[in-house]
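Letter by letter, the chains look like this.
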Amino acid sequence: MINALIPEADPAITVDGLVVKIGSRTIINGLNFDLHRREILGLIGPSGSGKSVTLRALIGLLPHAGGNVTVMGRNYAQLNRRQRVETQRNWGVLFQQGALFSSLTVKENIEFQMREHLHLSPKLRSDIAMIKLDLVGLPAAAAHSYPAELSGGMIKRAALARALALDPQILFLDEPTAGLDPIGAGKFDELIVTLRDTLGLTVLMVTHDLDSLAMACDRIVALADGKLLKAGTMAEMLQSDQPWLQEYFHGPRARNIGS
Ligand SMILES: Nc1ncnc2c1ncn2[C@@H]1O[C@H](COP(=O)(O)OP(=O)(O)OP(=O)(O)O)[C@@H](O)[C@H]1O
């Protein structure tokens, strides 16, 4: 495993002066932050500030126009193709709408990456898929359902099971609680914390959900206009006098946070 060679103290990911352009427009403009191992980091910022673009750039879906991203001690830009595939196997991604393949059952969705990357017998692949299903709290009966037959909360869990298929060390979550009712969202937050605690996962979560930030996140990184506004704990965010953070954390929708 790639990370067996890397000192434990190194951050899982270091973002150093990242620049991301879409067309001629600079969306991320010299962004810096660390994702520490085994932390749950919430990425926040106004709509359009570049949270999803950052996430897409970190998982290699958008090219880096500048700066360095170090994943488990290795500079991502300097990896060859084989090393990139090896690195990518160390992370799982949960996209906003789940992004499950609609023509595949839940179990087939979970097995998809395993087919691509692992040489396992069909029986072992199936057994592992069922373990992942159980891990995210879905009943075995859900294995043979198609995504269209599932509730929003079940889709998120199925997509999480798929993200966990290759036993990743880092999880990227794009607005994981969006569209869930408050009880479902709370349970999903608890699940993420439990997975971090039991599997030692490192989690980067793009979110607008103040309850998730308070309940699940160890630290928060706030972006504005493609740059770092502030990084810190919830307590540090609450104390900030930066106007957007003030409004975000002390506005009418934030009345229970930190109390
Ligand atoms: N595929 C794309 N083509 C052109 N512009 C894009 C594309 N994706 C994102 N952008 C632009 O990049 C900027 C940042 O978008 P991004 O989706 O990262 O924002 P965000 O912070 O995640 O916002 P939200 O909270 O609303 O999801 C926006 O101005 C958006 O219009």
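Everything quoted here is computed from the prediction, not taken from an experiment.

**Points about helix α6 (residues 182-199)**
Consideration 1: End to end, α6 covers 25 Å across 18 residues, agreeing with the expected 26 Å (1.5 Å per residue, within 8%).
Consideration 2: Listing the buried residues of α6 in full gives A185, F188, D189, L191, I192, V193, L195 and R196.
Consideration 3: Directly after α6, the chain includes G200, whose backbone phi takes a positive value near 70 degrees.

**Details of the packing of aromatic side chains**
Consideration 1: With the rule as written, the count across this model stands at five aromatic pairs.
Consideration 2: Taking the centre distance of 5.0 Å and the plane angle of 70 degrees together, the rings of Y248 and F249 count as edge-to-face. For the residue pair Y248 and F249, the accessibility class agrees, reading buried in each case.
Consideration 3: Connected via pairs of aromatic rings, a cluster forms that spans Y76, W91 and F172.
Consideration 4: Geometry around F101 places R162 over its ring, the cationic atom sitting 5.4 Å from the centre.

**Quick notes on the packing of helix α3 (residues 106-117) against helix α5 (residues 152-163)**
Consideration 1: In the contact formed by α3 and α5, the axes pass within 8 Å of each other and the chain directions differ by 25 degrees. Regarding the angle of α3 to α5, the classification is roughly parallel. As α3 runs across α5, the sense of the crossing is right-handed. Taking contact as the criterion, the partners of V106, N109 and I110 in α3 are, on α5, A158, A161 and R162.
Consideration 2: Classifying every residue of the contact of α3 with α5 gives four nonpolar, one polar and one charged.

Conventions and cut-offs
- Residues numbered from 1 in each chain as written.
- Predicted model: local features only at pLDDT ≥ 70, side-chain atom pairs only at ≥ 80, totals over all residues.
- Heavy atoms only, no water.
- Helix = DSSP H or I, 4+ residues; strand = E, 2+ residues; numbered from the N terminus.
- Expected span 1.5 Å × (residues − 1).
- Buried < 20%, exposed > 50% of the residue type's maximum accessible area, 1.4 Å probe, protein only.
- Phe/Tyr/Trp six-rings, centres within 6.5 Å; stacked < 30°, edge-to-face > 60°.
- Lys NZ or Arg CZ within 6 Å of the ring centre and 35° of its normal.
- Axes fitted to C-alpha atoms, helices over the stretch in contact; angles between N-to-C directions.
- Parallel < 35°, antiparallel > 145°, perpendicular 65-115°, else oblique.
- Left-handed = near helix turned anticlockwise from the far one by under 90°.
- Contact = heavy atoms within 4.5 Å.
- Nonpolar A, V, L, I, M, F, W, Y, C, P; charged D, E, K, R; others polar.

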